[in-house]
Amino acid sequence: MFRRRETSHGQLADDIVSLLRQYQSHAQHIGHAFAGQNQLGAADLHALLAVMEAERAGAPLTAGRLAEELNFSTSSVTALVDRLETTGHIYRQRDTDDRRKVYLRYADAGAEVAMRFFAPLGRRSDAVMDRFSDSELSTVKRFLEEMTQAMREHRDDVRGKV
């Protein structure tokens, strides 16, 4: 049986972890709905998210880096990228400095599909964030950055990449 911690800090931490689990579960269901409506598999969805986040960070992925991120073989990622490119979700772009490098980019058509699906969630998220000050949002951002790093480290540990 689950037992709550005794201190107020411990109880608050338990509540936050519980809310993060609920958030992750709801996000997963939303992602599955998007994937189902767009004939995408779970791996496709993870790949699209990885490509999108890499582009957002200004560091687009190569197929090799995507394979590392997803913990897939390069041949599996090649088939996945081919499928996503055929359906118009992503495209390949050669590096202008090193033509041997090929980056994966989120295609406009794929972005439009995602925008239509996720726009209502975006409006809801914006409404929630508007209720918080910049200082509060900065604290939440720092917390989520550190939690995301902890999760990434644990993910790598359980994959055996210590």
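Residues numbered from 1 in each chain as written. Predicted model: local features only at pLDDT ≥ 70, side-chain atom pairs only at ≥ 80, totals over all residues. Heavy atoms only, no water.

(A) Inspection of the overall build of the protein at higher detail. Broken down by element type, the protein carries six helices and three strands. From first element to last, N terminus to C terminus, the protein shows the α and β order α-α-β-α-α-β-β-α-α. Considering only C-alpha atoms, the protein reaches an extent of 55 × 40 × 35 Å along its principal axes. The buried share of the protein, taken over its 162 residues, is 21%. (Helix = DSSP H or I, 4+ residues; strand = E, 2+ residues; numbered from the N terminus. Buried < 20%, exposed > 50% of the residue type's maximum accessible area, 1.4 Å probe, protein only.)

(B) Focus on the side chain of D95. The topology assignment puts D95 in the loop between strand 2 (90-94) and strand 3 (102-106). One buried charged side chain, D95, makes no salt bridge at all; its nearest oppositely charged neighbour is K101, positioned 4.9 Å away. A distance of 2.9 Å separates the side chain of D95 from the side chain of Y103, its partner in a polar contact. Those residues in contact with D95 that lie beyond four places of it in its chain are K101 and Y103. (Lys, Arg positive; Asp, Glu negative; His and termini not counted. Salt bridge = Lys/Arg side-chain N within 4 Å of Asp/Glu carboxyl O. Polar contact = N/O pair within 3.5 Å; in protein donor to acceptor, adjacent residues only side chain to side chain. Contact = heavy atoms within 4.5 Å.)

(C) Local environment of a nonpolar patch on the surface. On the surface, L12, I16, V140, F143 and L144 cluster together into a nonpolar patch covering about 390 Å² of accessible area. No other element matches helix 6 (residues 134-158), which puts three residues into the nonpolar patch. (Patch = residues over 30% accessible without salt bridge, like charges linked within 9 Å, V, L, I, M, F, W, Y side chains within 5 Å. Areas by Shrake-Rupley, 256 points an atom, 1.4 Å probe, with all protein chains shown as cover.)

(D) Summary view of the environment of G31. Along the chain, G31 falls in helix 1 (residues 8-37). The spacing of G31 and A42 is 11 residues in sequence and 8.5 Å in space, taken between C-alpha atoms.

(E) Spotlight on the sheet that holds strand 1 (residues 61-62). Taken in spatial order, the three strands of this open sheet run 1-3-2, and their pairing is antiparallel. Each edge of the open sheet carries a strand with a single partner, namely strand 1 and strand 2. One ladder, built from two bridges, connects strand 1 with strand 3; its direction is antiparallel. Of the residues in strand 3, the one forming a bridge with L61 is L104. Across the sheet, helix 2 (residues 42-56) is in contact with strand 1, strand 2 and strand 3; its angle to strand 3 comes to roughly 100°. (Pairing = 2+ DSSP bridges. Axes fitted to C-alpha atoms, helices over the stretch in contact; angles between N-to-C directions.)

(F) Structural context of the pattern of salt bridges. Tallying each qualifying case throughout the model produces 12 salt bridges. Of the charged contacts, one joins E55 and R105 as a salt bridge, the two residues approaching to 3.4 Å between their closest N and O atoms. With E55 in helix 2 and R105 in strand 3, this pair connects stretches of sequence that are 50 residues apart. R142 is the salt-bridge partner of E146, the closest N and O atoms lying 3.8 Å from each other. With E146 and R142 both in helix 6 and four residues apart, this pair spans about one turn of that helix. Taken individually, E146 and R142 each receive the classification exposed, so the pair is uniform in this respect. The structure contains a network of salt bridges with shared partners spanning E69, R152, R155 and D156.

(G) View of the packing of aromatic side chains. In the structure shown here, the tally under the stated rule is three aromatic pairs. Considering the side-chain rings of F34 and F118, the 5.1 Å spacing of their centres and the 40° angle between planes classify their relative orientation as tilted. Taken together, the positions of F34 in helix 1 and F118 in helix 5 (residues 108-129) put the pair 84 residues apart, joining distant regions of the chain. For F118, a relative accessible area of 28% translates into the label partly exposed. Ring plane angle 75° and centroid distance 4.7 Å describe the contact between F117 and F118, whose orientation is recorded as edge-to-face. (Phe/Tyr/Trp six-rings, centres within 6.5 Å; stacked < 30°, edge-to-face > 60°.)

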